[in-house]
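Breakdown of the fold
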Amino acid sequence: MKLTEILNSERLSLSFEVFPPKTDTAFDSVKHATEEIAKLSPSFMSVTYGAGGGTSKYTLDIAKNIKANYGVPTLAHLTCVSSTKETVHQKIAEIKEAGIVNVMALRGDLTPELENSDRSLWAYRHAVDLVRELKENADFCIGGACYPEIHPESTNQKEDIKYLKEKVDAGCSFLTTQMFFDNNLLYNFLYKIREAGITVPIIPGIMPITNGNQVERAVKLSGSFMPQRFKSLVDKFGNTPAAMKQAGIAYATDQIIDLFANGITNVHVYSMNKPDVAEAIQNNLSDILGQ
């Protein structure tokens, strides 16, 4: 099933992101965690593709298992940073062979090694290059990433939105946002991109912070603004694991309820491969999602 069938429906939906293992020895435990999340019957699940393609060999294994054995529509991530044309064409062929029709087209994170390399030699310098490649090679439902605040490498938001429109015009059928912790940032962003002529579905990405140590990494990854009420939550409960977990789930649930109440119909949760967190959030929303 193409995700546009879900995203263009008026029915409220909740989806989860999972990531493949970083090592062979971790495969079984990660597979089990993703299966437990699949048992929750989310609207779909996305499977990431590690920095520099580091965990890419397992992306399709996890995605195929979720789709075949649990009937959950899957979205396979694909990155192109520093990849050759041959490598990308091979990955596209593998995705098609696996029967996956939804692909998240990303440039990919820059590792320290890639940061200092000669980018002029890369076959794909931006995600839009991968979007065009996917569009030319198969009938995929293609997703892209967007930043409600600003992409860390953009000069300003106007420039950011200009490049985002190029990505949509190249073939993206929907966009998923980077994590954010203040819904007003998303509402402001949506107003600006609609004004710019970007009309595809936007899926807000929500990260439940259930461990005080996650905060620094989340800010580093996304550059997200942390509202004072969220900072107060971390200050109060950050050193008490059980309390922080409960508070983080409650905060994420509150964000999602507000999004649904304000006309958003699809929300994506960065589950961090934690079935208990995914289940708690879904249970908090059970009657709301049932409407």
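That block above? That's the structure.
The notes below deal with the structure included here.

Analysis parameters
Residues numbered from 1 in each chain as written. Predicted model: local features only at pLDDT ≥ 70, side-chain atom pairs only at ≥ 80, totals over all residues. Heavy atoms only, no water. Helix = DSSP H or I, 4+ residues; strand = E, 2+ residues; numbered from the N terminus. Rg over C-alpha atoms; globule rule 2.2 N^0.38 Å. Buried < 20%, exposed > 50% of the residue type's maximum accessible area, 1.4 Å probe, protein only. Contact = heavy atoms within 4.5 Å. Areas by Shrake-Rupley, 256 points an atom, 1.4 Å probe, with all protein chains shown as cover. Lys, Arg positive; Asp, Glu negative; His and termini not counted. Charge placed at Lys NZ, Arg CZ, Asp CG, Glu CD. Pairing = 2+ DSSP bridges. Axes fitted to C-alpha atoms, helices over the stretch in contact; angles between N-to-C directions. 1 Å grid on protein atoms, 1.4 Å probe; cavity = no way out; pocket = protein on both sides within 12 Å on 5 of 7 lines; lining within 4 Å. Points joined across faces, edges and corners; volume = space filled by probe spheres on them. Nonpolar A, V, L, I, M, F, W, Y, C, P; charged D, E, K, R; others polar.

With that settled, the discussion passes to the overall build of the chain. Across its full length, the chain holds 13 helices and nine strands. Relative to its length of 291 residues, the chain is compact, with a C-alpha radius of gyration of 18 Å against a globular reference of 19 Å. Each principal axis of the C-alpha distribution contributes one length, and for the chain these read about 50 × 45 × 40 Å. Within the chain, buried positions represent 53% of all 291 residues. Long-range pairs, those at least 24 residues apart, make up 81% of the contacts in the chain with a sequence separation of at least 6. Accessible surface for the chain amounts to roughly 13800 Å². Of this, 48% is attributable to carbon and sulfur atoms. Taking the average place of the 29 positive charges on the side chains of the chain and the average place of its 34 negative ones, the gap between the two points comes to 1 Å.

Taken in spatial order, the nine strands line up as 7-6-5-4-3-2-1-9-8 in an open sheet, and their pairing is parallel. At either margin of the open sheet sits one strand with a lone partner, and together these are strand 7 (202-203) and strand 8 (205-206). Against the sheet, helix 3 (residues 59-70) engages strand 1 (13-18), strand 2 (45-47) and strand 3 (74-79), with an angle of about 170 degrees to strand 3.

Now for the layout of surface pockets. If you add up the space inside the second largest pocket, you get close to 230 Å³. As for the second largest pocket, its lining consists of Glu-5, Ile-6, Ser-9, Arg-11, Leu-12, Ser-13, Leu-14, Ser-41, Pro-42, Ser-43, Gln-282 and Leu-289. Class assignment of the residues belonging to the lining of the second largest pocket gives a composition of five nonpolar, five polar and two charged.

Turning to unusual backbone geometry, a few remarks are in order. With a phi close to 55 degrees, Ser-41 is a non-glycine residue in the positive phi region. Its location among the elements puts Ser-41 in the loop between helix 2 (27-38) and strand 2. Using a relative accessible area of 56% as the deciding quantity, one classes Ser-41 as exposed. A positive phi angle is found at Asn-273, which is not glycine, with a value near 60 degrees. Position of Asn-273 among the secondary structure elements: in the loop between strand 9 (266-270) and helix 12 (275-284). For Asn-273, a relative accessible area of 10% gives the class buried.

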